[in-house]
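The primary structure of each chain is shown beneath.
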Amino acid sequence: MRSTIYAIGLGPGDPELLTVKARRLLREVQVIFVPNRDDHESLARKILADLGSGAEVRDMPFRMSKSREENLERWRQHAQTLAETARGGQTVAFVTEGDPMLYSTFVHVYPLLAQSYPDVEVEIVPGVSSVTAGAAAAHVPLVEGNDRAAIVPATGEVLHALATFDTIVILKVSMALEAVLKALNTTGRTDDAIYVERVGWPQQRIVHDVTTLRKQTLDYFGQMIVTRR
Ligand SMILES: C[S@@+](CC[C@H](N)C(=O)[O-])C[C@H]1O[C@@H](n2cnc3c(N)ncnc32)[C@H](O)[C@@H]1O
């Protein structure tokens, strides 16, 4: 039988938004790798703690360097660790917050795994993304009919997205709040925006007047949903 690595999306944080498949696999596997960045806490670890899995949980550091080569080298090492653990006969999971295919650490490692370890099977288990969980929490339909939507990081082309798309979900708002507020103002879309933070957690908050966020230090787990209302 081929060795398998399960890349599992844990959802946005509400334990009830973990899929049935994720729950089963996390209880079955022997080793769970948890990506760990030191610029924000790991929600994944908390979700796993609530689940009470008996697996060995190992941290996998994903601190980003400015050097593309250094990052690539780290991701190569992680791909090797995952593949060798699975080849060694242990059942392995790699978990991500939300969905594994959306701005997650897994998207860095996956191509290297597929390229260098074709004998190891990778099964990707989707999770509820914070994008759809955020829209649900805020009671904001994202798109309908011929609407077009974009998902962008706050550090990316926010102004262009706001001017071009009907709906824009801006992730990582804490990293560039002032720039996001300025772009909303420039495009006349401030009143279209809702800020949602820590969706699915006891600390969840939803802010309808985003101008009140100015000068606040925001939580990393926050996003802006901009729709034509
Ligand atoms: C690196 S991205 C990961 C996205 C994740 N893979 C997903 O599918 O939701 C991290 C960003 O997602 C958003 N995010 C993740 N979890 C969230 C939550 N529980 N509530 C609000 N936003 C969240 C925030 O914008 C955060 O900065």
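Structural data are supplied above this passage.
All values derive from a computational prediction rather than experimental measurement.

## A closer look at the packing of aromatic side chains
Move 1: The tally for this structure, following the rule as stated, stands at four aromatic pairs.
Move 2: Ring centres 5.9 Å apart and planes at 40° place the aromatic pair F94 and F106 in the tilted group. Residue F94 is located in strand 4 (residues 92–96), and its partner F106 is located in helix 4 (residues 106–116); the two are separated by 12 residues in the primary sequence.
Move 3: Of the residues examined, F94 reaches a relative accessible area of 1% and is grouped as buried.
Move 4: Of the residues examined, F106 reaches a relative accessible area of 0% and is grouped as buried.
Move 5: For the pair F106 and Y110, a centre-to-centre distance of 5.5 Å together with 35° between the ring planes defines the contact as tilted. Highlighted residues: F106 and Y110, both in helix 4, separated by four residues, approximately one helical turn.
Move 6: Using a relative accessible area of 30% as the deciding quantity, one classes Y110 as partly exposed.
Move 7: An aromatic cluster of at least three residues, connected via ring pairs, comprises F62, F94, F106 and Y110.
Move 8: One cation-aromatic arrangement involves R148 over F165; the distance from NZ or CZ to the ring centre is 5.0 Å.

## So, the sheet that holds strand 10 (residues 222–226)
Move 1: Across the sheet, which stays open at both edges, the five strands sit in the order 6-7-10-8-9 with mixed pairing between neighbours. Looking at which strands have only one partner, the edges of the open sheet turn out to be strand 6 (149–153) and strand 9 (205–207). Within this sheet the neighbouring strands show an average axis-to-axis angle of 15°, counted without direction.
Move 2: Strand direction decides the pairing type here: strand 8 (residues 193–197) and strand 9, joined by three bridges, are antiparallel. Opposite Y195, over in strand 9, you have V207 as the bridge partner.

Calculation criteria
Residues numbered from 1 in each chain as written. Predicted model: local features only at pLDDT ≥ 70, side-chain atom pairs only at ≥ 80, totals over all residues. Heavy atoms only, no water. Phe/Tyr/Trp six-rings, centres within 6.5 Å; stacked < 30°, edge-to-face > 60°. Helix = DSSP H or I, 4+ residues; strand = E, 2+ residues; numbered from the N terminus. Buried < 20%, exposed > 50% of the residue type's maximum accessible area, 1.4 Å probe, protein only. Lys NZ or Arg CZ within 6 Å of the ring centre and 35° of its normal. Pairing = 2+ DSSP bridges. Axes fitted to C-alpha atoms, helices over the stretch in contact; angles between N-to-C directions.

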